[in-house]
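Spelled out from the first residue to the last, the chains are:
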2 protein chains.
Amino acid sequence: MTISQVSQKYGLPADTLRYYEKAGLIPPVHRTESGIRDYQPEDCNWVEFIKCMRSAGLSIETLQKYVTLFRKGNKTLQARKALLLAERDRLQAQIKAMQTTLKRLNYKIDIYDDKIVHCEKNLH
Amino acid sequence: MTISQVSQKYGLPADTLRYYEKAGLIPPVHRTESGIRDYQPEDCNWVEFIKCMRSAGLSIETLQKYVTLFRKGNKTLQARKALLLAERDRLQAQIKAMQTTLKRLNYKIDIYDDKIVHCEKNLH
DNA sequence: ATAACGTTTAGAGTTAGCTCTAAGTCAAGA
DNA sequence: TCTTGACTTAGAGCTAACTCTAAACGTTAT
């Protein structure tokens, strides 16, 4: 698969795919003889994984660390697990904060309904 | 209340409080005769509200718009409600995405547990 | 074989959201 | 009154995460 096909498939700009690879969020992608990227299924899986993690707000730096550990093999299993646990906790806390804000938004919206009804009454 | 007391109370740097005010996320704060900020309870409520919304990821621009509408009075009730509805939908979608990622992280963590057990067995 | 279009790189530019600096003003204690 | 420390402003600087540019090279259709 070419970079533009992968870009299409995952809805990520080609520039971003190159940036992720250069930054080490994705292991080096396979290439044709002439040096053009030729994404293998395994490369696509990395793209999809990183897209998912980025969409939840995991930082570039954290994902770099994860991939760096991954590429060092089995001796980094514990470290990778610790990294994932830390990110999970962060994510859980963030979701909780967002749910609190969501409730508050809903409450505010209800109040707006009341206010609007009240104001329209006054028009007559 | 002085700016440093408000900074303490809400855990936001004084620079950030000034920035929010200058950017219009918070209506102009009350001042002493000599021009020093003297936060009234109503100013504090704005700070707390903006802090909550920012923590859930609402953008500076969106909050500027909301405050601008607010300061124009009752004729903007509908517009403000529409803005809140849009943000609520955005927030709900984001929470959903994060929950998906959370599940995936938990799944991955389980797999790491298995892998670690397997690797440690091989050490003997 | 040449036009047209896709891909490559290094590196510059952009945006959001702060964060810091400098130079000055104000308020309280010795 | 002088010093110390908090406050003020405008504006520069910073970081994360892209996004774009330029110049060169590859591929495909006519």
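Residues numbered from 1 in each chain as written. Chains lettered and ligands numbered in written order. Predicted model: local features only at pLDDT ≥ 70, side-chain atom pairs only at ≥ 80, totals over all residues. Heavy atoms only, no water.

Participant: Help me understand the relation of the copies chain B and chain A, please; the structure alone is not making it clear to me.
Facilitator: Each copy of the chain is related to the other by a rotation around an axis and a translation along that axis. Expressed as a screw transformation, the operator carrying chain B onto chain A has a rotation angle of 180° and an axial translation of 0.0 Å, and the superposed copies differ by an RMSD of 0.1 Å. On this basis, the relationship between the two copies can be described by a two-fold rotation axis. When each C-alpha of chain B is compared by its distance to the rotation axis, I95 of chain B comes out closest, at 3.1 Å. The overlap is high: 100% of the interface residues of chain B also sit at the interface in chain A, so the same surface is used on both sides. (Least-squares fit on C-alpha atoms with pLDDT ≥ 70 in both. Contact = heavy atoms within 4.5 Å.)

Participant: What am I meant to see in the interface of chain B and chain A here?
Facilitator: Interface size is often expressed as the accessible area that is lost when the parts come together. Taken together, the contact between chain B and chain A spans 35 residues of the former and 35 residues of the latter. When the buried surface of chain B facing chain A is broken down by residue, M98, R104 and Y112 of chain B rank first, second and third, together holding 18% of it. Linking chain B with chain A are four salt bridges, by the criterion used here. Here E48 of chain A ties to R104 of chain B by a salt bridge, and the two come within 2.7 Å at their closest N and O atoms. Our enumeration of links across chain B and chain A arrives at 14 residue pairs in polar contact (both at pLDDT 80 or more). For the side of chain B that touches chain A, the elements supplying multiple residues, two or more each, are α3 (41-55) and α5 (77-121) of chain B. Here the side of chain B that touches chain A takes 27 residues from α5 of chain B, the largest share from any one element. The residue inventory of the side of chain B that touches chain A, partitioned by class, reads 17 nonpolar, eight polar and ten charged. (Buried area = accessible area lost by both parts, 1.4 Å probe. Salt bridge = Lys/Arg side-chain N within 4 Å of Asp/Glu carboxyl O. Polar contact = N/O pair within 3.5 Å; in protein donor to acceptor, adjacent residues only side chain to side chain. Helix = DSSP H or I, 4+ residues; strand = E, 2+ residues; numbered from the N terminus. Nonpolar A, V, L, I, M, F, W, Y, C, P; charged D, E, K, R; others polar.)

Participant: What am I meant to see in the protein's contact with DNA strand D here?
Facilitator: Lining the immediate surroundings of DNA strand D are 19 residues, of which Y20, R54 and I60 of chain A together with S4 and R37 of chain B lie closest. Each atom of DNA strand D within 4 Å of the protein belongs either to a base or to sugar and phosphate, the latter forming 79%. At a separation of 3.1 Å, a phosphate oxygen of DNA strand D approaches a polar side-chain atom of S34 of chain A. In this structure, a phosphate oxygen belonging to DNA strand D sits 3.3 Å away from a main-chain N or O atom of I60 of chain A. Residue contributions to the surface near DNA strand D peak at four residues, all from helix α2 (residues 14-23) of chain A. (Near = heavy atom within 4 Å.)

Participant: Help me understand the pattern of salt bridges, please; the structure alone is not making it clear to me.
Facilitator: Here the idea is simple: oppositely charged side chains can pair when their charged atoms come close. Evaluated as defined, the whole model comprises 16 salt bridges over all chains. Note that K65 of chain B is salt-bridged to E61 of chain B, the shortest N-O span being 3.9 Å. Placement of the pair is K65 of chain B and E61 of chain B together in helix α4 (residues 60-71), with a separation of four residues, close to one helical turn. For E87 of chain B, the salt bridge goes to R90 of chain B, with nearest N and O atoms at 3.1 Å. Within this pair, E87 of chain B and its partner R90 of chain B are both found in helix α5, separated by three residues, close to a single helical turn. The class of E87 of chain B is buried, set by a relative accessible area of 9%. Here R90 of chain B falls in the partly exposed class, since its relative accessible area comes to 35%. What you see here is one network of salt bridges that share partners, running through E21, R31 and R37 of chain A. (Buried < 20%, exposed > 50% of the residue type's maximum accessible area, 1.4 Å probe, protein only.)

Participant: Even after reading the chapter, I still don't get the domain arrangement of chain A, so can you show me in this structure?
Facilitator: Residues and elements named next belong to chain A. Assigned domains within chain A: domain 1 (1-71) and domain 2 (74-124). A separation of 29 Å is found between the C-alpha centroids of domain 1 and domain 2. At the interface, eight residues of domain 1 touch eight residues of domain 2. Each partner contributes to the roughly 760 Å² buried at the junction of domain 1 and domain 2, and carbon and sulfur atoms together form 74% of this total. The tally of links from domain 1 across to domain 2 stands at zero salt bridges. There are one residue pair in polar contact (both at pLDDT 80 or more) connecting domain 1 and domain 2. Broken down by class, the residue content of the side of domain 1 that touches domain 2 amounts to five nonpolar, two polar and one charged. (Domains from an automatic or database assignment.)

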